[in-house]
Amino acid sequence: MRPSRSSRARLAALLTGAAALLLTLGATPAQAADPPLRDLAAAKGKVMGTAVTGSKLTGTYGDIAGREFNALTPGNAMKWGSVEPTRGTFNWAEADQIVAFAEAHGQQVRGHTLVWHSQNPSWLTNGSWTPAQLGQLMNDHIATEVGRYKGRLATWDVVNEPFNEDGTYRQTLWYNGLGADYIAQALTAARAADPSAKLYINDYNVEGVNAKSTALYNLVKSLKERGVPIDGVGLQAHLILGQVPSTLQQNIQRFADLGVDVAITELDIRMQLPSDSAKLTQQAADYKAVMNACLAVSRCVGVTVWGFTDSDSWIPSTFPGQGAATPYDENYAPKPAYRAIAESLGGGTTTPPPMDECTATYSVTSQWNTGFTGQVRIACSGAALSSWKVGWTYGAGQQLTQAWNASCTQSGAAVTCSNASYNATVPDGGSVTFGFNGSWNGSNPVPTVTLG
Ligand code: 9MR
(Lines give C-alpha, C1' and ligand atoms only; values in the text may rest on other atoms or scores of the structure.)
Protein backbone atom coordinates (compact mmCIF):
# COMPACT_ATOMS: atom_id res chain seq x y z
CA MET A 1 0.00 0.00 0.00
CA ARG A 2 1.30 3.48 -0.87
CA PRO A 3 1.72 5.68 2.15
CA SER A 4 -0.75 8.54 2.31
CA ARG A 5 0.39 12.08 1.58
CA SER A 6 0.36 12.99 5.24
CA SER A 7 2.19 9.87 6.34
CA ARG A 8 4.77 10.49 3.58
CA ALA A 9 5.24 14.00 4.90
CA ARG A 10 5.59 12.60 8.41
CA LEU A 11 8.09 10.03 7.21
CA ALA A 12 10.09 12.74 5.45
CA ALA A 13 10.12 14.83 8.61
CA LEU A 14 11.20 11.84 10.65
CA LEU A 15 13.98 11.01 8.22
CA THR A 16 15.19 14.59 8.26
CA GLY A 17 15.13 14.47 12.04
CA ALA A 18 17.01 11.18 12.05
CA ALA A 19 19.63 12.57 9.68
CA ALA A 20 20.09 15.61 11.86
CA LEU A 21 20.37 13.41 14.92
CA LEU A 22 22.95 11.18 13.25
CA LEU A 23 24.91 14.21 12.20
CA THR A 24 24.91 15.70 15.64
CA LEU A 25 25.77 12.43 17.31
CA GLY A 26 28.30 11.33 14.71
CA ALA A 27 30.29 14.48 14.28
CA THR A 28 29.43 15.75 17.70
CA PRO A 29 29.79 19.46 18.14
CA ALA A 30 31.76 22.08 16.30
CA GLN A 31 34.64 22.01 18.77
CA ALA A 32 34.79 18.27 19.28
CA ALA A 33 38.28 16.78 19.21
CA ASP A 34 39.67 13.40 18.33
CA PRO A 35 40.43 11.06 21.15
CA PRO A 36 43.90 11.69 22.55
CA LEU A 37 46.77 9.75 21.02
CA ARG A 38 46.93 7.45 24.03
CA ASP A 39 43.37 6.24 23.48
CA LEU A 40 43.91 5.75 19.76
CA ALA A 41 47.12 3.82 20.48
CA ALA A 42 45.54 1.73 23.24
CA ALA A 43 42.73 0.74 20.87
CA LYS A 44 45.44 -0.74 18.66
CA GLY A 45 47.25 -2.36 21.57
CA LYS A 46 50.22 -0.01 21.21
CA VAL A 47 52.22 2.28 23.42
CA MET A 48 52.37 5.98 22.55
CA GLY A 49 54.95 7.46 24.86
CA THR A 50 56.98 10.57 25.43
CA ALA A 51 60.19 11.44 27.20
CA VAL A 52 59.57 13.97 29.95
CA THR A 53 61.37 16.35 32.27
CA GLY A 54 60.01 16.01 35.81
CA SER A 55 60.18 19.68 36.75
CA LYS A 56 57.95 20.60 33.81
CA LEU A 57 55.05 18.25 34.61
CA THR A 58 52.61 21.02 35.58
CA GLY A 59 50.39 23.42 33.64
CA THR A 60 50.03 22.87 29.94
CA TYR A 61 53.07 20.59 29.69
CA GLY A 62 51.64 18.33 32.37
CA ASP A 63 48.16 18.47 30.84
CA ILE A 64 49.44 17.29 27.46
CA ALA A 65 51.81 14.69 28.88
CA GLY A 66 48.98 13.19 30.92
CA ARG A 67 46.28 13.46 28.30
CA GLU A 68 48.03 12.33 25.12
CA PHE A 69 50.48 9.60 26.15
CA ASN A 70 50.15 6.21 27.80
CA ALA A 71 53.84 5.85 28.60
CA LEU A 72 56.56 8.11 29.96
CA THR A 73 60.32 7.84 29.75
CA PRO A 74 62.34 10.05 32.07
CA GLY A 75 64.61 11.96 29.68
CA ASN A 76 67.44 12.23 32.18
CA ALA A 77 66.11 11.54 35.68
CA MET A 78 67.04 7.87 35.91
CA LYS A 79 70.56 8.09 34.49
CA TRP A 80 73.37 7.14 36.83
CA GLY A 81 74.72 10.68 37.02
CA SER A 82 71.28 11.92 38.07
CA VAL A 83 70.52 9.32 40.74
CA GLU A 84 73.95 8.91 42.34
CA PRO A 85 75.97 12.07 41.73
CA THR A 86 78.17 11.30 44.73
CA ARG A 87 79.02 7.71 45.54
CA GLY A 88 76.49 6.36 48.00
CA THR A 89 74.39 9.57 47.95
CA PHE A 90 71.21 9.10 45.98
CA ASN A 91 68.78 11.58 44.53
CA TRP A 92 65.57 9.96 43.41
CA ALA A 93 63.41 13.07 43.53
CA GLU A 94 62.81 13.58 39.82
CA ALA A 95 62.62 9.88 39.02
CA ASP A 96 60.10 9.33 41.83
CA GLN A 97 58.08 12.31 40.69
CA ILE A 98 57.81 11.02 37.12
CA VAL A 99 56.83 7.52 38.29
CA ALA A 100 54.19 8.99 40.60
CA PHE A 101 52.83 11.19 37.79
CA ALA A 102 52.65 8.17 35.49
CA GLU A 103 50.85 6.07 38.08
CA ALA A 104 48.38 8.87 38.72
CA HIS A 105 47.67 9.08 34.99
CA GLY A 106 47.52 5.36 34.25
CA GLN A 107 50.73 5.44 32.23
CA GLN A 108 53.55 2.95 31.82
CA VAL A 109 57.11 3.97 32.63
CA ARG A 110 60.12 3.06 30.55
CA GLY A 111 63.20 3.15 32.79
CA HIS A 112 66.10 4.84 31.02
CA THR A 113 68.92 3.86 31.31
CA LEU A 114 71.10 1.61 33.48
CA VAL A 115 74.38 0.92 31.70
CA TRP A 116 75.65 3.59 29.33
CA HIS A 117 78.88 5.37 28.50
CA SER A 118 77.39 8.82 28.96
CA GLN A 119 75.87 10.87 31.79
CA ASN A 120 77.66 8.82 34.41
CA PRO A 121 78.83 10.44 37.66
CA SER A 122 82.42 11.65 37.59
CA TRP A 123 83.32 9.54 40.63
CA LEU A 124 82.54 6.51 38.47
CA THR A 125 84.20 7.61 35.24
CA ASN A 126 87.27 9.07 36.96
CA GLY A 127 87.80 6.12 39.29
CA SER A 128 90.21 3.34 38.52
CA TRP A 129 88.57 0.02 39.05
CA THR A 130 89.59 -3.60 38.77
CA PRO A 131 87.25 -5.69 36.60
CA ALA A 132 85.83 -7.25 39.76
CA GLN A 133 85.13 -3.84 41.30
CA LEU A 134 83.58 -2.57 38.09
CA GLY A 135 81.35 -5.63 37.81
CA GLN A 136 80.27 -5.14 41.42
CA LEU A 137 79.54 -1.46 40.86
CA MET A 138 77.41 -2.28 37.84
CA ASN A 139 75.51 -5.06 39.59
CA ASP A 140 74.91 -2.94 42.69
CA HIS A 141 73.69 0.00 40.62
CA ILE A 142 71.22 -2.20 38.77
CA ALA A 143 70.04 -3.91 41.95
CA THR A 144 69.51 -0.57 43.67
CA GLU A 145 67.77 1.29 40.88
CA VAL A 146 65.71 -1.53 39.38
CA GLY A 147 64.93 -2.76 42.89
CA ARG A 148 63.65 0.66 43.94
CA TYR A 149 60.94 0.56 41.28
CA LYS A 150 60.37 -3.18 41.29
CA GLY A 151 56.95 -4.09 39.91
CA ARG A 152 56.18 -0.51 38.91
CA LEU A 153 58.10 -0.06 35.66
CA ALA A 154 57.00 -1.79 32.49
CA THR A 155 60.37 -1.68 30.82
CA TRP A 156 64.05 -0.93 31.32
CA ASP A 157 66.58 0.20 28.76
CA VAL A 158 69.22 -1.91 30.46
CA VAL A 159 72.09 -1.30 28.08
CA ASN A 160 72.24 1.85 25.98
CA GLU A 161 74.23 2.45 22.81
CA PRO A 162 76.72 -0.44 22.94
CA PHE A 163 77.79 -0.26 19.28
CA ASN A 164 79.90 1.87 16.96
CA GLU A 165 78.54 2.77 13.54
CA ASP A 166 80.53 -0.02 11.89
CA GLY A 167 79.05 -2.64 14.17
CA THR A 168 82.07 -3.07 16.43
CA TYR A 169 81.60 -2.67 20.16
CA ARG A 170 81.92 0.84 21.48
CA GLN A 171 84.99 1.21 23.71
CA THR A 172 83.39 2.24 26.97
CA LEU A 173 84.09 2.01 30.66
CA TRP A 174 82.07 -1.19 30.64
CA TYR A 175 83.43 -2.83 27.52
CA ASN A 176 87.01 -1.97 28.35
CA GLY A 177 86.68 -3.22 31.91
CA LEU A 178 84.43 -6.24 31.54
CA GLY A 179 84.50 -7.23 27.89
CA ALA A 180 81.43 -7.67 25.69
CA ASP A 181 79.81 -9.86 28.29
CA TYR A 182 78.98 -6.82 30.42
CA ILE A 183 75.78 -6.79 28.39
CA ALA A 184 74.72 -10.28 29.44
CA GLN A 185 75.71 -9.54 33.04
CA ALA A 186 73.66 -6.36 33.12
CA LEU A 187 70.59 -8.08 31.69
CA THR A 188 70.91 -10.93 34.17
CA ALA A 189 71.21 -8.50 37.09
CA ALA A 190 68.20 -6.53 35.90
CA ARG A 191 66.06 -9.66 35.59
CA ALA A 192 67.01 -10.67 39.14
CA ALA A 193 66.10 -7.22 40.46
CA ASP A 194 62.67 -7.06 38.78
CA PRO A 195 61.47 -10.23 37.08
CA SER A 196 58.38 -8.47 35.70
CA ALA A 197 60.11 -5.66 33.79
CA LYS A 198 60.77 -6.07 30.07
CA LEU A 199 64.50 -5.75 29.45
CA TYR A 200 65.81 -3.93 26.39
CA ILE A 201 68.99 -3.01 24.61
CA ASN A 202 68.59 0.43 23.06
CA ASP A 203 70.65 2.15 20.35
CA TYR A 204 70.55 4.83 17.63
CA ASN A 205 71.20 4.53 13.90
CA VAL A 206 69.87 1.00 14.09
CA GLU A 207 66.49 1.82 12.51
CA GLY A 208 67.31 0.57 9.04
CA VAL A 209 69.18 -2.53 7.99
CA ASN A 210 72.86 -1.56 8.22
CA ALA A 211 76.14 -2.69 9.80
CA LYS A 212 75.22 -1.36 13.23
CA SER A 213 71.73 -2.84 13.34
CA THR A 214 73.11 -6.12 12.04
CA ALA A 215 75.63 -6.21 14.90
CA LEU A 216 72.74 -5.60 17.30
CA TYR A 217 70.74 -8.31 15.57
CA ASN A 218 73.60 -10.80 15.94
CA LEU A 219 74.04 -9.87 19.60
CA VAL A 220 70.35 -10.38 20.38
CA LYS A 221 70.36 -13.66 18.50
CA SER A 222 73.31 -14.96 20.50
CA LEU A 223 71.87 -13.72 23.81
CA LYS A 224 68.64 -15.57 23.04
CA GLU A 225 70.59 -18.70 22.15
CA ARG A 226 72.50 -18.49 25.42
CA GLY A 227 69.34 -18.01 27.46
CA VAL A 228 70.31 -14.51 28.61
CA PRO A 229 67.19 -12.54 29.56
CA ILE A 230 66.46 -10.12 26.71
CA ASP A 231 62.91 -9.07 25.93
CA GLY A 232 63.26 -6.30 23.43
CA VAL A 233 65.22 -4.00 21.22
CA GLY A 234 64.85 -0.23 21.31
CA LEU A 235 65.35 1.68 18.08
CA GLN A 236 65.88 5.26 19.20
CA ALA A 237 65.00 6.90 15.86
CA HIS A 238 66.63 10.31 16.12
CA LEU A 239 65.90 10.99 12.48
CA ILE A 240 66.58 13.73 9.95
CA LEU A 241 63.81 15.28 7.85
CA GLY A 242 63.07 13.21 4.77
CA GLN A 243 65.38 10.40 5.82
CA VAL A 244 63.22 7.67 7.33
CA PRO A 245 65.13 4.51 6.38
CA SER A 246 63.29 2.58 3.70
CA THR A 247 64.17 -0.67 5.48
CA LEU A 248 62.63 0.36 8.82
CA GLN A 249 59.74 -2.09 8.75
CA GLN A 250 61.91 -4.90 7.42
CA ASN A 251 64.41 -4.25 10.21
CA ILE A 252 61.71 -4.23 12.90
CA GLN A 253 60.39 -7.47 11.46
CA ARG A 254 63.75 -9.24 11.54
CA PHE A 255 64.16 -8.45 15.25
CA ALA A 256 60.60 -9.56 15.92
CA ASP A 257 61.36 -12.81 14.13
CA LEU A 258 64.13 -13.45 16.68
CA GLY A 259 61.42 -13.59 19.33
CA VAL A 260 61.90 -10.19 20.94
CA ASP A 261 59.72 -7.10 21.12
CA VAL A 262 60.70 -3.93 19.34
CA ALA A 263 60.01 -0.37 20.45
CA ILE A 264 60.70 2.96 18.81
CA THR A 265 62.08 4.63 21.91
CA GLU A 266 63.27 8.17 21.17
CA LEU A 267 61.61 9.37 17.99
CA ASP A 268 62.29 12.90 16.82
CA ILE A 269 62.71 14.27 13.30
CA ARG A 270 64.91 17.33 13.07
CA MET A 271 65.09 19.96 10.37
CA GLN A 272 67.14 23.01 9.49
CA LEU A 273 65.50 26.04 11.08
CA PRO A 274 63.40 27.98 10.43
CA SER A 275 60.64 25.51 9.82
CA ASP A 276 58.13 26.24 7.09
CA SER A 277 54.98 24.57 5.91
CA ALA A 278 56.76 22.40 3.32
CA LYS A 279 59.17 21.08 5.97
CA LEU A 280 56.38 20.52 8.47
CA THR A 281 54.41 18.62 5.84
CA GLN A 282 57.44 16.44 5.08
CA GLN A 283 57.94 15.91 8.80
CA ALA A 284 54.33 14.80 9.18
CA ALA A 285 54.84 12.26 6.40
CA ASP A 286 58.01 11.05 8.13
CA TYR A 287 56.27 10.64 11.48
CA LYS A 288 53.50 8.73 9.77
CA ALA A 289 56.00 6.45 8.03
CA VAL A 290 57.60 5.55 11.36
CA MET A 291 54.23 4.97 13.00
CA ASN A 292 53.07 2.81 10.11
CA ALA A 293 56.22 0.69 10.19
CA CYS A 294 55.64 -0.05 13.86
CA LEU A 295 51.93 -0.62 13.42
CA ALA A 296 52.64 -3.13 10.66
CA VAL A 297 54.59 -5.47 12.95
CA SER A 298 52.65 -6.99 15.81
CA ARG A 299 55.74 -7.31 18.02
CA CYS A 300 56.47 -3.61 17.66
CA VAL A 301 54.97 -2.49 20.96
CA GLY A 302 54.84 1.20 20.21
CA VAL A 303 56.49 4.53 19.71
CA THR A 304 57.92 7.03 22.18
CA VAL A 305 58.79 10.57 21.11
CA TRP A 306 61.88 12.15 22.63
CA GLY A 307 60.01 15.11 24.03
CA PHE A 308 56.58 16.07 22.73
CA THR A 309 57.21 19.80 22.43
CA ASP A 310 59.94 21.75 20.66
CA SER A 311 60.45 23.60 23.94
CA ASP A 312 61.70 20.38 25.55
CA SER A 313 63.97 18.86 22.93
CA TRP A 314 67.69 18.12 22.99
CA ILE A 315 68.12 18.98 19.30
CA PRO A 316 68.74 22.77 19.24
CA SER A 317 71.57 22.60 21.77
CA THR A 318 73.23 19.59 20.16
CA PHE A 319 72.71 20.49 16.50
CA PRO A 320 72.90 24.30 16.31
CA GLY A 321 70.56 25.68 13.66
CA GLN A 322 68.36 22.59 13.71
CA GLY A 323 65.20 21.86 15.67
CA ALA A 324 61.39 21.74 15.39
CA ALA A 325 61.80 17.98 15.79
CA THR A 326 58.75 17.09 17.92
CA PRO A 327 54.96 16.94 17.33
CA TYR A 328 54.11 20.18 19.21
CA ASP A 329 55.71 23.59 18.74
CA GLU A 330 57.29 25.62 21.58
CA ASN A 331 53.88 27.05 22.47
CA TYR A 332 52.25 23.64 22.70
CA ALA A 333 50.34 24.00 19.45
CA PRO A 334 50.09 20.64 17.71
CA LYS A 335 52.00 20.54 14.43
CA PRO A 336 51.12 18.57 11.30
CA ALA A 337 53.21 15.76 12.80
CA TYR A 338 50.69 15.46 15.65
CA ARG A 339 47.88 15.02 13.15
CA ALA A 340 49.95 12.50 11.21
CA ILE A 341 50.48 10.40 14.33
CA ALA A 342 46.76 10.56 15.11
CA GLU A 343 45.89 9.57 11.55
CA SER A 344 48.24 6.61 11.60
CA LEU A 345 46.42 5.46 14.75
CA GLY A 346 43.03 5.78 13.09
CA GLY A 347 42.11 9.29 14.31
CA GLY A 348 43.04 12.74 13.12
CA THR A 349 39.72 13.70 11.61
CA THR A 350 39.04 16.82 13.65
CA THR A 351 41.01 19.73 15.01
CA PRO A 352 42.99 18.95 18.14
CA PRO A 353 41.79 20.73 21.25
CA PRO A 354 43.20 24.19 21.79
CA MET A 355 45.24 24.33 24.96
CA ASP A 356 45.44 26.90 27.64
CA GLU A 357 41.84 27.80 27.47
CA CYS A 358 38.25 26.99 28.21
CA THR A 359 35.95 25.83 25.47
CA ALA A 360 32.18 25.43 25.20
CA THR A 361 30.78 22.48 23.28
CA TYR A 362 27.15 22.22 22.17
CA SER A 363 25.55 18.88 21.49
CA VAL A 364 22.07 17.49 20.92
CA THR A 365 21.58 14.55 23.24
CA SER A 366 18.15 13.47 22.03
CA GLN A 367 15.66 14.62 19.45
CA TRP A 368 12.10 13.79 18.49
CA ASN A 369 9.74 15.08 15.82
CA THR A 370 9.32 18.61 17.13
CA GLY A 371 11.55 18.82 20.16
CA PHE A 372 15.05 18.14 21.34
CA THR A 373 17.25 18.05 24.42
CA GLY A 374 20.69 19.56 24.24
CA GLN A 375 23.62 20.37 26.43
CA VAL A 376 26.62 22.64 26.55
CA ARG A 377 29.81 21.48 28.23
CA ILE A 378 32.33 24.08 29.32
CA ALA A 379 35.76 22.52 29.85
CA CYS A 380 39.00 24.15 30.91
CA SER A 381 42.56 22.99 30.38
CA GLY A 382 45.48 25.17 31.38
CA ALA A 383 42.99 27.86 32.46
CA ALA A 384 40.02 28.25 34.82
CA LEU A 385 36.82 30.29 35.13
CA SER A 386 35.17 31.87 38.14
CA SER A 387 31.97 32.62 36.21
CA TRP A 388 30.81 32.00 32.67
CA LYS A 389 28.43 33.07 29.97
CA VAL A 390 27.89 31.38 26.64
CA GLY A 391 25.93 32.41 23.59
CA TRP A 392 24.83 31.08 20.27
CA THR A 393 22.52 31.96 17.41
CA TYR A 394 20.04 29.44 16.10
CA GLY A 395 20.12 29.19 12.35
CA ALA A 396 16.90 27.26 11.71
CA GLY A 397 14.27 28.80 13.94
CA GLN A 398 14.90 26.65 17.00
CA GLN A 399 13.36 27.93 20.22
CA LEU A 400 14.50 27.14 23.77
CA THR A 401 11.68 26.07 26.05
CA GLN A 402 13.46 25.21 29.26
CA ALA A 403 17.01 25.14 30.72
CA TRP A 404 18.61 23.69 33.84
CA ASN A 405 21.92 24.30 35.57
CA ALA A 406 22.08 27.70 33.83
CA SER A 407 19.95 30.82 33.32
CA CYS A 408 19.11 31.11 29.65
CA THR A 409 17.26 33.74 27.66
CA GLN A 410 16.42 33.82 23.99
CA SER A 411 15.81 36.97 22.00
CA GLY A 412 14.98 36.30 18.36
CA ALA A 413 17.56 33.70 17.31
CA ALA A 414 20.14 34.72 19.93
CA VAL A 415 20.49 32.63 23.08
CA THR A 416 22.52 33.66 26.11
CA CYS A 417 23.14 31.40 29.10
CA SER A 418 25.04 32.20 32.26
CA ASN A 419 26.07 30.11 35.23
CA ALA A 420 23.83 29.21 38.13
CA SER A 421 25.04 30.27 41.56
CA TYR A 422 26.36 26.79 42.29
CA ASN A 423 28.32 26.05 39.10
CA ALA A 424 30.10 29.32 38.35
CA THR A 425 33.56 27.83 38.82
CA VAL A 426 35.23 25.70 36.16
CA PRO A 427 38.61 24.57 37.48
CA ASP A 428 41.68 23.84 35.36
CA GLY A 429 41.15 20.31 34.07
CA GLY A 430 37.44 20.37 35.00
CA SER A 431 34.13 20.94 33.30
CA VAL A 432 30.55 22.09 33.87
CA THR A 433 27.54 20.96 31.83
CA PHE A 434 24.10 22.49 31.57
CA GLY A 435 21.06 21.27 29.68
CA PHE A 436 18.02 22.55 27.86
CA ASN A 437 14.98 21.59 25.86
CA GLY A 438 13.92 23.26 22.66
CA SER A 439 11.65 23.00 19.70
CA TRP A 440 12.67 22.70 16.07
CA ASN A 441 11.05 22.44 12.70
CA GLY A 442 12.58 21.23 9.45
CA SER A 443 16.16 20.94 10.64
CA ASN A 444 18.10 21.35 13.87
CA PRO A 445 21.69 22.26 13.00
CA VAL A 446 24.29 22.62 15.74
CA PRO A 447 25.12 26.31 16.31
CA THR A 448 28.56 27.72 17.00
CA VAL A 449 28.90 28.54 20.68
CA THR A 450 30.94 31.42 22.01
CA LEU A 451 32.21 31.56 25.54
CA GLY A 452 32.48 35.08 26.84
O1 9MR B 1 67.50 14.15 26.08
C2 9MR B 1 68.71 13.97 26.76
C3 9MR B 1 69.38 15.31 26.93
O4 9MR B 1 68.63 16.15 27.77
C5 9MR B 1 70.77 15.12 27.46
O6 9MR B 1 71.43 16.36 27.49
C7 9MR B 1 71.52 14.14 26.57
C8 9MR B 1 72.93 13.88 27.02
O9 9MR B 1 73.53 12.94 26.19
O10 9MR B 1 70.82 12.91 26.56
C11 9MR B 1 69.60 13.05 25.96
O12 9MR B 1 68.98 11.82 25.77
C13 9MR B 1 69.71 10.85 25.04
C14 9MR B 1 69.23 9.51 25.50
O15 9MR B 1 69.40 9.40 26.88
C16 9MR B 1 69.95 8.39 24.79
N17 9MR B 1 69.88 8.54 23.37
C18 9MR B 1 70.25 9.82 22.84
C19 9MR B 1 69.48 10.93 23.54
C20 9MR B 1 69.83 12.27 22.94
O21 9MR B 1 71.14 12.62 23.22
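I will try to describe carefully the structure that is included in this document. Quick caveat, the model's predicted, so the values are computed rather than measured.

## Considerations on the side chain of Arg-38
By secondary structure assignment, the location of Arg-38 is in helix H2 (residues 37-43). Within polar-contact distance, the side chain of Arg-38 engages the backbone oxygen of Gly-66 at 2.9 Å. Here Arg-38 is in contact with Gly-66, Arg-67, Glu-68, Phe-69, Asn-70, His-105, Gly-106 and Gln-107, once residues within four sequence places are set aside.

## What to know about the nonpolar core
The biggest cluster of nonpolar side chains holds 90 residues, and the ones touching the most others in it are Met-48, Trp-156, Ile-264 and Leu-267. Of all the elements, helix H9 (residues 182-193) adds the most residues to this core, at eight residues. With sequence-adjacent residues up to four places away left out, Leu-267 is seen in contact with Gln-236, Ala-237, Leu-239, Tyr-287, Val-290, Val-303, Thr-304, Val-305 and Trp-306. Core analysis: the second largest hydrophobic core is formed by 22 residues, Leu-400, Ala-406, Val-415 and Trp-440 among them.

## Structural notes on the sheet that holds strand E13 (residues 389-393)
Hydrogen bonds between backbone groups are what pair the strands of a sheet, and the pairing can be parallel or antiparallel. Within the open sheet, the four strands sit side by side as E15-E16-E13-E18. Their pairing is antiparallel. Either end of the sheet is taken by a strand with one partner, and the two such strands are strand E15 (406-411) and strand E18 (450-451). Inspection of the sheet shows E15 paired to strand E16 (residues 414-419) by six bridges, in the antiparallel sense. The residue bridging Ser-411 from the neighbouring strand is Ala-414, located in E16.

## A closer look at the sheet that holds strand E14 (residues 399-404)
Here four strands make up an open sheet; going across it, the order is E11-E12-E17-E14 and the pairing antiparallel. Every interior strand has two partners, whereas the edge strands, strand E11 (357-367) and E14, have only one. Going from strand to strand, the sheet's axes swing by 25 degrees on average, the running direction of each strand aside. Pairing of E14 with strand E17 (residues 431-439), which is carried by five bridges, proceeds in the antiparallel orientation. Paired with Gln-399 across the bridge in E17 is Ser-439.

Thresholds, definitions, all that
Residues numbered from 1 in each chain as written. Predicted model: local features only at pLDDT ≥ 70, side-chain atom pairs only at ≥ 80, totals over all residues. Heavy atoms only, no water. Helix = DSSP H or I, 4+ residues; strand = E, 2+ residues; numbered from the N terminus. Polar contact = N/O pair within 3.5 Å; in protein donor to acceptor, adjacent residues only side chain to side chain. Contact = heavy atoms within 4.5 Å. Core = buried A, V, L, I, M, F, W, Y, C linked by side-chain atoms within 4.5 Å. Buried < 20%, exposed > 50% of the residue type's maximum accessible area, 1.4 Å probe, protein only. Pairing = 2+ DSSP bridges. Axes fitted to C-alpha atoms, helices over the stretch in contact; angles between N-to-C directions.

That's the geometry; what it means functionally is another story.
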